[in-house]
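# Understanding the architecture of this molecule
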Amino acid sequence: MELRQLEYFVAVAEEQSFTRAAARVHISQSGVSAQIRQLERELGAELFNRSARTATLTAEGKAALEHARAALAAAGAVGQAVGEVTDLIRGRLTVGMVIGCTVTPLFDALAAFHRAHPGVEISLQEDNSDRLVEGVRAGTIDLALIGTAAPTPHGLDALTIISERLVVAVPDGHPLAKRRRVTLHDLTVHPIVCMPPGTGLRTVFDRACAAQCLQPAIALEASSADAIADLAARGLGVAILSDSMAANYGDRLIARTIDDVETSALLALVWKSTHSPALRELLVHSRQAFTES
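Everything quoted here is computed from the prediction, not taken from an experiment.

From N to C terminus, the protein includes 11 helices and 12 strands. Its C-alpha atoms give the protein principal-axis dimensions of roughly 75 × 50 × 30 Å. For the protein, buried positions account for 43% of its 293 residues. Summarising the internal contacts of the protein: among those between residues at least 6 apart in sequence, 72% fall at separations of at least 24.

Ranked by internal contacts, the top residues of the largest apolar core, which has 36 residues, are L166, V168, L184, L187, I240 and L241. Among the elements of the structure, β7 (166–170), α7 (184–187), β8 (192–194), α8 (200–211), α9 (225–233) and β10 (238–242) are those that each provide at least two residues to this core. When near neighbours in sequence (up to four residues on either side) are disregarded, L166 contacts L201, V204, F205, I240, L241, T257, I258, V261 and A265. Counting 28 residues, the second-largest nonpolar core is a separate cluster that includes L93, I141, I146 and L269.

Quick look at the packing of helix α1 (residues 3–15) against helix α2 (residues 18–25) now. Where α1 contacts α2, the two axes come as close as 8 Å, and the packing angle between them is 130°. As the angle between them shows, α1 and α2 are arranged oblique. Note that α1 runs across α2; the crossing there is right-handed. For the pair α1 and α2, the contacting residues are E7, Y8, V10, A11, V12, E14 and E15 in the first and F18, R20, A21, R24 and V25 in the second. Each residue belonging to the contact of α1 with α2 can be placed in one class, and the counts come to seven nonpolar, no polar and five charged.

Turning our eyes to something else, we now look at the side chain of H190. Inspection of the secondary structure puts H190 in the loop between α7 and β8. For H190, a relative accessible area of 16% translates into the label buried. Once residues within four sequence positions are removed from consideration, H190 is found in contact with H174, P175, L176, A217 and V238.

All right, on to unusual backbone geometry then. The residue Q16 is not glycine, and still its phi comes out positive at about 55°. You can call Q16 partly exposed: its relative accessible area is 39%. Its identity as a non-glycine residue notwithstanding, H26 has a phi of 65°, on the positive side. With respect to the helices, strands and loops of the structure, H26 is situated in the loop between α2 and α3 (29–43).

Tracing the backbone through its elements, the reader meets I228 in helix α9. Among residues more than four places away in sequence, those in contact with I228 are V193, C194, M195, A222, A239 and L241.

Tallying each qualifying case throughout the model produces two aromatic pairs. The interplanar angle of 70° and the centroid separation of 5.7 Å between the aromatic rings of F18 and F48 together place this pair among those described as edge-to-face. In this pair, F18 is assigned in helix α2 and F48 in strand β1 (residues 48–49), connecting sequence segments 30 residues apart. In this structure, F18 and F48 share a single accessibility class: buried. Taken together through their ring pairs, the aromatic side chains of F9, F18 and F48 make up a single cluster.

Next up on the list: the sheet that holds β8. Ordered by their spatial adjacency, five strands build an open sheet running β9-β8-β10-β7-β11, and the pairing between neighbours is mixed. Every other strand in the sheet has two partners, leaving β9 (218–221) and β11 (254–257) as the edge strands with one partner each. Along the sheet, successive strands turn relative to each other by an average axial angle of 30°, direction set aside. Bridging between β7 and β11 involves four bridges; their strand directions are antiparallel. Bridging across to β11, A169 finds its partner in A255. Along the sheet, α8 contacts β7, β8, β9 and β10; its crossing angle with β10, the most-contacted strand, is approximately 115°. This element, α9, spans β7, β8, β9 and β10 of the sheet and lies at about 150° to β10.

To continue, consider the side chain of T148. Mapped onto the elements of the fold, T148 is located in strand β5 (residues 143–148). Overall, T148 belongs to the buried group, its relative accessible area being 10%. In contact with T148, not counting residues within four places along its chain, are G200, S264, A265, L266 and A268.

Residues that lie three or four places apart on an α-helix share one face, since the helix turns once every 3.6 residues. Those residues of helix α6 (residues 129–138) lying buried are S129, L132, V133, G135 and V136. Buried residues of α6, viewed axially, fall in a sector of 160°; they line one side. Opposite the buried face of α6, at more than 90 degrees from it, the exposed residues are E134 and A138. Buried residues belonging to α6 abut β3 (91–98), β4 (120–127), β5, α8 and β12 (265–271). Measuring from the side-chain oxygen of the N-cap residue of α6 to the backbone nitrogen of D130 gives 3.1 Å; that N-cap residue is N128. Following α6 by one or two positions, G139 adopts a phi angle in the positive range, close to 90°.

The rules we used
Residues numbered from 1 in each chain as written. Predicted model: local features only at pLDDT ≥ 70, side-chain atom pairs only at ≥ 80, totals over all residues. Heavy atoms only, no water. Helix = DSSP H or I, 4+ residues; strand = E, 2+ residues; numbered from the N terminus. Buried < 20%, exposed > 50% of the residue type's maximum accessible area, 1.4 Å probe, protein only. Contact = heavy atoms within 4.5 Å. Core = buried A, V, L, I, M, F, W, Y, C linked by side-chain atoms within 4.5 Å. Axes fitted to C-alpha atoms, helices over the stretch in contact; angles between N-to-C directions. Parallel < 35°, antiparallel > 145°, perpendicular 65-115°, else oblique. Left-handed = near helix turned anticlockwise from the far one by under 90°. Nonpolar A, V, L, I, M, F, W, Y, C, P; charged D, E, K, R; others polar. Phe/Tyr/Trp six-rings, centres within 6.5 Å; stacked < 30°, edge-to-face > 60°. Pairing = 2+ DSSP bridges. Arc of directions from axis to C-beta. Polar contact = N/O pair within 3.5 Å; in protein donor to acceptor, adjacent residues only side chain to side chain.

Structural data, given as structure tokens:
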């Protein structure tokens, strides 16, 4: 049994596809299949159901998965331990970022970290906040920048970057633009454009509406603030954004704080307590980048 066989096994299990796993580990699909077959022969059991389009784990495969992950982590820890002694950090980090995020200090942190530790491979993936949190909990993502309604998601460490009130943004001439104070009840008579479920901003909005037994008409959903602002500017609905997001569109939209939504929308870095020296160093660069921004 070789470490590369375990790596390929974990890749196929997580990707649920031999093709995607092959692309992930940078070898041919036939090479992955051959190594998995060899591993199955050594173990005396099939690890995957191959009858469907997706490669799903058998009962034996499920039993082996966590042990395979642990073996790979242990092997990586050997290199990291030696690297710490020689001041050389190696390994791989997967960083998550909420879809539509325009906060650039994270990129500054990644760039500074890469210059300081070129031996660490960095991958970046976008997703909604809920799935990023799940990835951090599962260990498939090391650090994630998420939108959230809770200061610290359960079971994780967190660093709040931004805490802002929700605002409604409308074009000049809209009835809400003439009001000094806007409440959730005022919004429910208008179609709404906002982020999709699973994002921190949407979670804050939905919870606030539920607390008042309000059922807003969500006309359109978009993952980026630019798209939401463009739709609202064209009169397709009132935009629900954070204060700093709306400030970018002052040339075409008028923003009003939603008075009765007191819970802030948060942007936060989240991670799971770890002994990884690479993640510790990335956190140092992240704190510095966000402090200086």
